[in-house]
Amino acid sequence: HLSQFFDEIRKNEGKGLSNWKKRLLVSDRAHLVFDFHQAVDGLQEKGRGKKTIGTTKKGIGPTYATKLCYHLKAGRIGIRMADLMGDFSLFEEKFRALSANFRSQFPDLSLDVIETELTKFKQFAEEIRPCVTDTVSYLNTNMKAGKSVLIEGANATMLDIDFGTYPFVTSSNCTVGGVCTGLGIPPRYIGDVYGVTKAYCTRVGDGPFPTELLDETGDYLQTTGKEVGVTTKRKRRCGWLDLVLLRYSHIINGYSALAITKLDVLDEFKEIKIAVSYTLDGVEYKEAPPGLTVLNVQYLSRYLLLI
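Just so you know, these numbers come straight off a predicted model, no measurement behind them.

Focus on the packing of helix H1 (residues 2-13) against helix H6 (residues 114-128)
- The contact between H1 and H6 brings their axes to 11 Å, and the two run at 55 degrees. Here H1 lies oblique to H6, going by the angle between them. Considering only the axes of H1 and H6, their crossing is left-handed. In contact with Leu-2, Ser-3, Phe-5, Phe-6 and Arg-10 of H1, H6 contributes Lys-120, Phe-121, Phe-124, Glu-127 and Ile-128.

Focus on the pairing of strand S5 (residues 237-242)
- Most of S5 sits inside the fold, with six of its six residues counted as buried.
- Where strand S4 (residues 200-203) lies against S5, four bridges are found, and the strand directions are antiparallel. Its bridge partner being in S5, Arg-203 is matched across the sheet by Arg-237.
- Pairing of S5 with strand S7 (residues 272-280) involves two bridges; the strand directions are parallel. Each bridged residue has a counterpart across the sheet, and for Leu-241 the counterpart in S7 is Ile-274.

Describing a nonpolar patch on the surface
- Where nonpolar side chains cluster on the molecular surface, the patch consists of Leu-258, Ile-260 and Leu-263 and spans about 280 Å² of accessible area.
- In this structure, Leu-263 sits in the loop between strand S6 (257-261) and S7.
- Overall, Leu-263 belongs to the exposed group, its relative accessible area being 52%.

What to know about the nonpolar core
- If you look at the biggest cluster of nonpolar residues, it comprises 28 residues, and the most contacted ones within it are Leu-32, Phe-34, Met-81, Leu-84, Phe-91 and Phe-121.
- If you list the elements that add at least two residues to this core, you get H1, helix H2 (35-47), helix H4 (81-85), helix H5 (88-105) and H6.
- Looking at this core, the element that brings in the most residues is H6, giving six residues.
- Excluding residues within four positions of it along the chain, Phe-91 makes contact with Leu-32, Phe-34, Ile-79, Asp-83, Leu-84, Leu-118 and Phe-121.
- Core analysis: the next-biggest nonpolar cluster, separate from the first, contains nine residues, Ala-199, Leu-213, Cys-238 and Val-265 among them.

A short note on the packing of aromatic side chains
- Throughout the structure, instances matching the rule amount to 16 aromatic pairs.
- Measuring from ring centre to ring centre gives 6.3 Å for Phe-34 and Phe-91, while their planes differ by 55 degrees; the resulting arrangement is tilted. In this pair, Phe-34 is assigned in the loop between strand S1 (26-27) and H2 and Phe-91 in helix H5, connecting sequence segments 57 residues apart.
- Phe-91 sits in the buried class, given a relative accessible area of 1%.
- Both rings, one in Phe-34 and one in Phe-95, keep their centres 4.9 Å apart while their planes meet at 80 degrees; by these two values the pair is edge-to-face. Of the two residues, Phe-34 is situated in the loop between S1 and H2 and Phe-95 in helix H5; the sequence distance between them amounts to 61 residues. Residues Phe-34 and Phe-95 agree in their burial class; the two are buried.
- Here Arg-188 stacks its cationic end above the ring of Tyr-189, 4.8 Å away from the centre of that ring.

Remarks on the side chain of Lys-198
- You can see Lys-198 is positioned in strand S3 (residues 194-198).
- We classify Lys-198 as buried; its relative accessible area is 18%.
- Looking at Lys-198, its side chain comes within polar contact range of the side chain of Glu-227, at 2.8 Å.

Here's the deal with the pattern of salt bridges
- Scanning the entire structure with this criterion turns up 13 salt bridges.
- Put simply, Glu-117 and Lys-120 hold a salt bridge, and the shortest N to O gap is 3.4 Å. With Glu-117 and Lys-120 both in helix H6 and three residues apart, the pair spans about one turn of that helix.
- Note on Glu-117: relative accessible area 5%, which makes it buried.
- Salt-bridge contacts for Arg-236 lead to Glu-227; the nearest nitrogen and oxygen are separated by 2.8 Å. Comparing Arg-236 with Glu-227, the two get one shared label, buried.

What to know about unusual backbone geometry
- With an omega of 10 degrees, the peptide bond between Tyr-166 and Pro-167 qualifies as cis.
- By secondary structure assignment, the location of Pro-167 is in the loop between helix H7 (135-144) and helix H8 (178-183).
- Phi angles above zero are rare outside glycine, and Asn-19 is one such case at about 55 degrees.
- Tracing the chain through its elements places Asn-19 in the loop between H1 and S1.
- A positive phi angle, close to 60 degrees, is found at Asn-155, a residue other than glycine.
- Relative to the assigned elements, Asn-155 resides in the loop between H7 and H8.

What counts, and at which threshold
- Residues numbered from 1 in each chain as written.
- Predicted model: local features only at pLDDT ≥ 70, side-chain atom pairs only at ≥ 80, totals over all residues.
- Heavy atoms only, no water.
- Axes fitted to C-alpha atoms, helices over the stretch in contact; angles between N-to-C directions.
- Helix = DSSP H or I, 4+ residues; strand = E, 2+ residues; numbered from the N terminus.
- Parallel < 35°, antiparallel > 145°, perpendicular 65-115°, else oblique.
- Left-handed = near helix turned anticlockwise from the far one by under 90°.
- Contact = heavy atoms within 4.5 Å.
- Buried < 20%, exposed > 50% of the residue type's maximum accessible area, 1.4 Å probe, protein only.
- Pairing = 2+ DSSP bridges.
- Patch = residues over 30% accessible without salt bridge, like charges linked within 9 Å, V, L, I, M, F, W, Y side chains within 5 Å.
- Areas by Shrake-Rupley, 256 points an atom, 1.4 Å probe, with all protein chains shown as cover.
- Salt bridge = Lys/Arg side-chain N within 4 Å of Asp/Glu carboxyl O.
- Core = buried A, V, L, I, M, F, W, Y, C linked by side-chain atoms within 4.5 Å.
- Phe/Tyr/Trp six-rings, centres within 6.5 Å; stacked < 30°, edge-to-face > 60°.
- Lys NZ or Arg CZ within 6 Å of the ring centre and 35° of its normal.
- Polar contact = N/O pair within 3.5 Å; in protein donor to acceptor, adjacent residues only side chain to side chain.

Everything listed is a geometric property; what it means functionally is a separate question.
The following block contains the structure:
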């Protein structure tokens, strides 16, 4: 979303950021998020009623939908950075077609700002142009030259579209496999994989949370850990560390090592708990089940008590 992209750049320039156009690279294959994507995101969430999934309403889902298969009838109509870098008349043609497609699906969607949006993007195109490049070639050229590449993933394993707590997930693969599919890096180049976990669990928005603490302990973790969603500014739900899900995450990602953060938030506890399995109807689960029924149960059968 280029408007938000440049807003963030301006804020950082105010804090001393300089020469960012010489240091920041943007993939020419990156899909663009438009304002109407975000509007549709909100309309879709509203239409789910009580069965919301806790989306950030930043347009990510609708953008992925146009990239893949939107409403099973108009797939692969997303607009990429390369389109913006090319003939602007062709970009405008695609933009109008894409916005019309959404308008046909969502009659309540206001698209009165189309002309304003196009004017903005004509300006954005020139400002972002120095940064846009073929990042696949760039990364592979540097790796073959012996340079190191550090890749940081967004979100977490349990928000992965395939392996997370579906449907309460994001729209992409945010496990280690996303390194290959998202960046075009061959699997044989992947070296060490570092997992990052807090000393307790948090979640923003809806979705299952077996170790959630709906009491003063959960409130303490939230306030002391300053647990607020970066994007939505919503308070994060908090609970004890869940080893069932951490083991599951390790199976998928194959961590070389773990970095455990926010241990100091637990300093004032005389004892802490760590979940080691779940129980439902007398059945013990030591592995993460694919269904939500078990994960929605608030009570765990066995905790490891650390004093």
